[in-house]
Amino acid sequence: MAAQSQYAELARQLSAIGVIKRGLARVLPADCPAGSAAVLTLLDRHGEMRMSRLAELLAVDMSVTSRHVAHVVDRGWVERCPDPADKRSRILRLTPAGRELLDELARRTTDMFAHKLADWTDDEVGQLSTMLDRLRSSFGDCRDWRYEDSYTRTPMQ
């Protein structure tokens, strides 16, 4: 197990990750904010789905999801189709324009990383990707996790 000082340094480093997120946001087209890009990415990764599932994956409430979906639908990147299992519900599906935009987003982010990490070796980039994936996996689905749930109970509680 790592020393407490190493965990403290990790926390400091991760709190600075906002710089990277802001850099990623700057490469997005003006009409595609980060929330819209997340919707497109999740639909590409997980396939068509109901809005409730999308809200779950985004880890936000339905009102926020609804605003993101309205934005991407208005731009023709996603379509709402009747759910064959329940005609009252809608299934969200990427359109060809949405897939084209995802290709553009992938190109832009790849170009940005290639520029910013030009002095990194392929091995170093691979190690970072592997470690970030492992970090994310260690946290699992923590949407309902609270600090008090795990760390403030004494063993007798």
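Structural data are supplied above this passage.
1. Observations concerning a negative patch on the surface
Moving on, step 1. A cluster of acidic residues, D119, D122, D123 and E124, forms a negative patch on the protein surface.
Moving on, step 2. With respect to the element layout, D123 can be found in helix α7 (residues 122-139).

2. A closer look at a nonpolar patch on the surface
Moving on, step 1. A surface patch of nonpolar side chains, amounting to about 770 Å² of accessible area, comprises M1, Y7, L10, L14, I17, V19, I20 and F113.
Moving on, step 2. The set of elements that each furnish at least two residues to the nonpolar patch consists of α1 (4-15) and α2 (18-26).
Moving on, step 3. The biggest single contributor to the nonpolar patch is α1, with 3 residues.
Moving on, step 4. F113 gets classed as partly exposed once you look at its relative accessible area, which sits at 35%.

3. A look at the sheet that holds strand β1 (residues 49-50)
Moving on, step 1. Spatially, β1-β3-β2 is the arrangement adopted by the 3 strands of the open sheet, whose pairing is antiparallel. Because the sheet does not close on itself, it has two edges, and the strands there are β1 and β2 (78-83).
Moving on, step 2. Two strands pair when backbone bridges link them, and β2 and strand β3 (residues 86-94) are joined in this way by 6 bridges, in the antiparallel orientation. Across the sheet, residue D83 finds its bridge partner in β3, namely D86.
Moving on, step 3. Contacts between helix α3 (residues 34-46) and the sheet are confined to β1, β2 and β3, with β3 contributing the most and set at about 100° to the helix.

4. Looking at unusual backbone geometry
Moving on, step 1. The residue A59 is not glycine, and still its phi comes out positive at about 60°.
Moving on, step 2. Looking at where A59 falls in the secondary structure, it is placed in the loop between α4 (51-58) and α5 (62-74).
Moving on, step 3. Its relative accessible area of 46% is what places A59 among the partly exposed residues.

5. Looking at the pairing of β3
For a regular strand, the rule is simple: side chains alternate between the two faces of the sheet.
Moving on, step 1. Inspection of the sheet shows β1 paired to β3 by 2 bridges, in the antiparallel sense. Within β3, the residue paired with M49 across the bridge is L92.
Moving on, step 2. Here β2 folds back onto β3, and the loop between the two strands holds 2 residues.

6. Brief notes about the environment of R50
Moving on, step 1. Within the secondary structure, R50 is located in strand β1.
Moving on, step 2. Take R50: its relative accessible area is 32%, and that puts it in the partly exposed class.
Moving on, step 3. Separated by 30 residues in the primary sequence, R50 and R80 have C-alpha atoms spaced 9.1 Å apart.
Moving on, step 4. Among residues more than four places away in sequence, those in contact with R50 are D83, D86, S89, R90 and I91.
Moving on, step 5. For R50, the side chain forms a polar contact with the side chain of D83, separated by 2.6 Å.

7. Observations regarding the side chain of T65
Moving on, step 1. As for its placement among the helices and strands, T65 is situated in helix α5.
Moving on, step 2. On the accessibility criterion, T65 (0% relative accessible area) is buried.
Moving on, step 3. Excluding anything up to four places from it in sequence, T65 contacts M51, L54, A55, L58 and V60.

Rules behind the numbers
Residues numbered from 1 in each chain as written. Predicted model: local features only at pLDDT ≥ 70, side-chain atom pairs only at ≥ 80, totals over all residues. Heavy atoms only, no water. Patch = residues over 30% accessible without salt bridge, like charges linked within 9 Å, V, L, I, M, F, W, Y side chains within 5 Å. Areas by Shrake-Rupley, 256 points an atom, 1.4 Å probe, with all protein chains shown as cover. Salt bridge = Lys/Arg side-chain N within 4 Å of Asp/Glu carboxyl O. Lys, Arg positive; Asp, Glu negative; His and termini not counted. Charge placed at Lys NZ, Arg CZ, Asp CG, Glu CD. Helix = DSSP H or I, 4+ residues; strand = E, 2+ residues; numbered from the N terminus. Buried < 20%, exposed > 50% of the residue type's maximum accessible area, 1.4 Å probe, protein only. Pairing = 2+ DSSP bridges. Contact = heavy atoms within 4.5 Å. Axes fitted to C-alpha atoms, helices over the stretch in contact; angles between N-to-C directions. Polar contact = N/O pair within 3.5 Å; in protein donor to acceptor, adjacent residues only side chain to side chain.

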